[in-house]
Amino acid sequence: MHNKSLKELSHGLKNRDFSSVELTQEFLKRIKQHQDLNAYITVTEDLALQDALAADIRITNNQANPLTGIPVAQKDIFCTLNIKTSCGSKMLDNFKAPYNATVIEKFNLTGAVMLGKLNMDEFAMGSSNETSFYGAVKNPWNPNKVPGGSSGGSGAAVAARLAAYATGTDTGGSIRQPAALCGITGLKPTYGRVSRYGMIAYASSLDQGGPMTHSAEDAAIVLQTMAGFDPKDSTSVDISVPDYSATLNKPLTGLKIGLPKEFFSDELNADMAKKLTEAIDEYQKLGAEIKDISMPNLKLAIPAYYVIAPAECSANLSRFDGVRFGHRCANPVDLTDLYTRSRGEGFGKEVKRRILMGTYALSTGYYDAYYVKAQKIRRLISDDFKNALAEVDVIMGPVTPTPAFGIGEKMSDPVEMYLSDIYTIAINLAGLPAISIPAGFINDLPIGLQIIGNYFTEAQILNIAHQYQLITDWHKQTPKGFA
Ligand code: GLN
């Protein structure tokens, strides 16, 4: 059962080939068997079985939606009512959210069964899922390798079939990068497409939740539930949600694909370049036209992001002060002691580094030199995309510079770690949607192809991804030991 697509699962449930309780039990069993991956922070077994029972009744009463009764796992960044919501941090190790994120509400309403909460980099800061208070997540393709971050628990859980699908969030690549390194499909929607209400904020102008699934077809179904206007999120955009599954089979004849020369420079790993070229050849066979383009400001994305994201994080994380919720130090002598020790003990090293960088960039005297400058660069990068997307329908490129690297390999060198975001970050700065789909293997490790589209063209991106998945089977490969 655990290898079935969402469509097949929904069909099997409606047909009574298996019940939601049986399906849920199977995933719960697999989660126990593969605990060593460290993909989950919390498994909500009792609740999952209750939800499954309710889903079975709903299915019997013919009130099922496409996701009713199908087990999902949620990134532990989404607030879940009365359930631990840690965001991968010691700071929130004791935190049970008093409300549900809108995304969680939407899954509940549709009758999805939540298996638990997934491991992640602390406060979503990281590219390898090694900064979690709960320890590193292992890549199911090779347990000595990272799964990518920050949604590494989501990438590993879906690849290892420990959930039928998962959610992730992407501030600078955290859906696409683990999707690429774990060999699954991950879609970062347009900024404003999916509600951020109840999604613990890292960098509010960049954060966006999205689906992590086995295929584009599955992602279309999951996005259908996640997307939509939310009056509780002031940056949510009030435009209608199309039927994402309806256009998956549109032919790609005449599609214009842009390949930025900055993405395919000599710096790109030769094996990676070869695999991506093969994938792009498939698109030509499907009738697409390839155009070389240039986006001169892409190279500025990392420096601009690593000013803007820490600046926003330093403001967002100021709420964790030991007073209202989260970790509080023992026996504070006064208020300053309470703040400093609670924060000092609650936050990990990378989070502290980001808070320091952000506070510095926003301080009087440096604000114009760093923060304002970075915002100007952000505009230039957005304009590059605007110009490119006036010429072509979509842009393709790598997701990561290399396949998964070794656990521990980059932890002592933050700059080296930040450089692994080189192909994903610009998209967040521009607020555009992009998907990572499996596009082959290098040394038995999966790699991703990135497809970037214009604002709110998720349906088109999913269509383009799906057409490739109809003629390839990279997305159907299962890591050894997880079949
Ligand atoms: N790796 C990037 C960072 O550490 C992006 C993380 C994310 O998308 N949440 O900030």
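Just above sits the structure.
In short, a report on the structure. Predicted, not measured: the structure shown is a model, and the values here were computed from it. (Residues numbered from 1 in each chain as written. Predicted model: local features only at pLDDT ≥ 70, side-chain atom pairs only at ≥ 80, totals over all residues. Heavy atoms only, no water.)

## What to know about the sheet that holds strand 9 (residues 394-398)
Inclusion rule: Think of it this way: DSSP has to see at least two bridges between two strands before they count as a pair. Secondary structure is summarised from DSSP: a helix means a run of H or I of at least four residues, a strand means a run of E of at least two, and numbering begins at the N terminus for each. Angles here are taken between N-to-C directions and fall from 0 to 180 degrees, while the axes themselves are lines fitted to C-alpha atoms, restricted in helices to the stretch in contact. Contacts are assigned to residue pairs with any non-hydrogen atoms lying within 4.5 Å of each other.
Strand order in this open sheet of 11 strands is 1-3-2-4-6-5-10-11-9-7-8, and the pairing throughout is mixed. Pairing within the sheet leaves two strands with one partner each, and these edge strands are strand 1 (40-43) and strand 8 (289-293). Taken over all neighbouring pairs, the strand axes of this sheet differ in orientation by 30° on average, direction set aside. Pairing analysis gives 3 bridges linking strand 5 (residues 185-188) to strand 10 (residues 434-442), with the strands arranged antiparallel. Among the inter-strand pairings, G186 is bridged to a residue of strand 10, identified as S436. Lying over the sheet, helix 15 (residues 458-471) contacts strand 5, strand 9, strand 10 and strand 11 (445-452), oriented at roughly 20° with respect to strand 10.

## Quick word on the site of the ligand
Heads up, the condition is: Residue proximity to a molecule or strand is established when one non-hydrogen atom of the residue lies within 4 Å of it. Nitrogen and oxygen atoms within 3.5 Å of one another constitute a polar contact, given that in protein one can donate a hydrogen and the other can accept it, and given that sequence-neighbouring residues count only through two side-chain atoms. What sets the accessible areas is the Shrake-Rupley method with a 1.4 Å probe; for residues, cover comes only from the shown protein chains.
Taken together, 15 residues lie near the ligand, and T171, G172, S174, Y202 and Y305 sit nearest. Taking S127, its side chain carries an N or O atom lying 2.9 Å from a nitrogen atom of the ligand. Between an oxygen atom of the ligand and a main-chain N or O atom of T171, the distance comes to 2.7 Å. Starting from 290 Å² of accessible surface for the ligand in isolation, the protein chains cover 99%.

## Examining the pairing of strand 3 (residues 113-118)
Counted only if it meets this: Exposure categories follow from relative accessible area, calculated using a 1.4 Å probe and restricted to protein chains: below 20% of the type maximum is buried, above 50% is exposed, and the middle band is partly exposed. When the strands point away from the viewer, a crossover counts as right-handed if the route from the first strand across the helix to the second turns clockwise.
For strand 3, a buried count of 6 out of 6 residues is recorded, marking the element as mostly surrounded by other parts of the structure. With 3 bridges connecting them, strand 1 and strand 3 associate as antiparallel partners. By the bridge assignment for strand 3, V43 is matched with G116. Of the strand pairs in this sheet, strand 2 (residues 71-75) and strand 3 are connected by 5 bridges, and their pairing is parallel. Following the sheet pairing, A73 is matched in strand 3 by G116. Since strand 2 and strand 3 lie parallel, the crossover through helix 4 (residues 102-110) that links them has a hand, and here it is right-handed.

## Observations concerning unusual backbone geometry
In this model, G149 is joined to S150 through a cis peptide bond whose omega is 0°. Within the secondary structure layout, S150 lies in the loop between strand 3 and helix 5 (152-159). In this model, C87 sits at a positive phi of 55°, which is unusual for a non-glycine residue. Note that C87 resides in the loop between strand 2 and helix 4. Residue classification places C87 among the buried positions, given a relative accessible area of 0%. Here the phi dihedral of F123 falls at roughly 50°; this positive angle occurs in a residue that is not glycine.

## A few points about the nonpolar core
Note the cut-off: Nonpolar cores are built from buried Ala, Val, Leu, Ile, Met, Phe, Trp, Tyr and Cys residues. Side-chain atoms within 4.5 Å join them into one set.
Counting residues in hydrophobic clusters, the biggest one holds 140 residues, and the most contacted among them are F123, Y283, F385 and I451. Ranked by the residues each element gives to this core, the list is headed by helix 9 (residues 301-316), at 9 residues. Those residues within four positions of I451 in sequence are excluded, and the remaining contacts are Y283, V394, I395, M396, P433, A434, I435, I437, I461, I464 and A465. Judged by nonpolar contacts, the second largest core, of 5 residues, contains V21, A48, A55 and V113.

## Regarding the packing of helix 4 against helix 7 (residues 216-226)
Stated formally: Orientation is classified from the angle alone, with under 35 degrees giving roughly parallel, over 145 giving roughly antiparallel, 65 to 115 giving roughly perpendicular, and any other angle giving oblique. The residue classification treats Ala, Val, Leu, Ile, Met, Phe, Trp, Tyr, Cys and Pro as nonpolar and Asp, Glu, Lys and Arg as charged. All others, Gly included, are polar.
The contact between helix 4 and helix 7 brings their axes to 8 Å, and the two run at 110°. On the basis of their axis angle, the class for helix 4 and helix 7 is roughly perpendicular. Within the contact between the two elements, helix 4 uses V103, K106, F107 and T110 and helix 7 uses V222, T225 and M226. Considering only residue class, the contact of helix 4 with helix 7 consists of 4 nonpolar, 2 polar and 1 charged.

## Points about the side chain of E122
Note the threshold: Note that His is not counted, nor are the chain ends; the positive residues are Lys and Arg, and the negative ones are Asp and Glu. For this document, the term salt bridge refers to a Lys or Arg side-chain nitrogen within 4 Å of an Asp or Glu carboxyl oxygen.
Inspection of the secondary structure puts E122 in the loop between strand 3 and helix 5. No salt bridge is formed by the buried E122, whose closest oppositely charged neighbour, K352, lies at an N-O distance of 8.3 Å. Looking at E122, its side chain comes within polar contact range of the side chain of S89, at 2.7 Å. Among all residues touching E122, those that are not within four sequence positions of it are C87, G88, S89, K90, T131, S132, G346, F347, G348 and V351.

## With respect to empty space enclosed by the protein
Put simply, the rule reads: As defined here, a cavity is a set of points on a 1 Å grid over the protein atoms alone where a 1.4 Å probe fits but cannot get out. A pocket is an open set with protein on both sides within 12 Å along at least five of seven lines, and residues line them when an atom is within 4 Å of a point. Grid points are joined across faces, edges and corners, and a volume is the space filled by probe spheres set on the points.
According to the stated counting rule, one finds 2 cavities of 30 Å³ or more in the structure shown. Considering the residues around the largest cavity, the lining is formed by 14 residues, among which G126, S127, S174, Y305 and D421 are closest to the centre. Of the residues that constitute the lining of the largest cavity, the class distribution is 5 nonpolar, 7 polar and 2 charged. When its volume is computed, the second largest cavity comes out at roughly 50 Å³. Contributing to the lining of the second largest cavity are Q177, L181, T400, P401, T402, P403, F405, K410 and S420.

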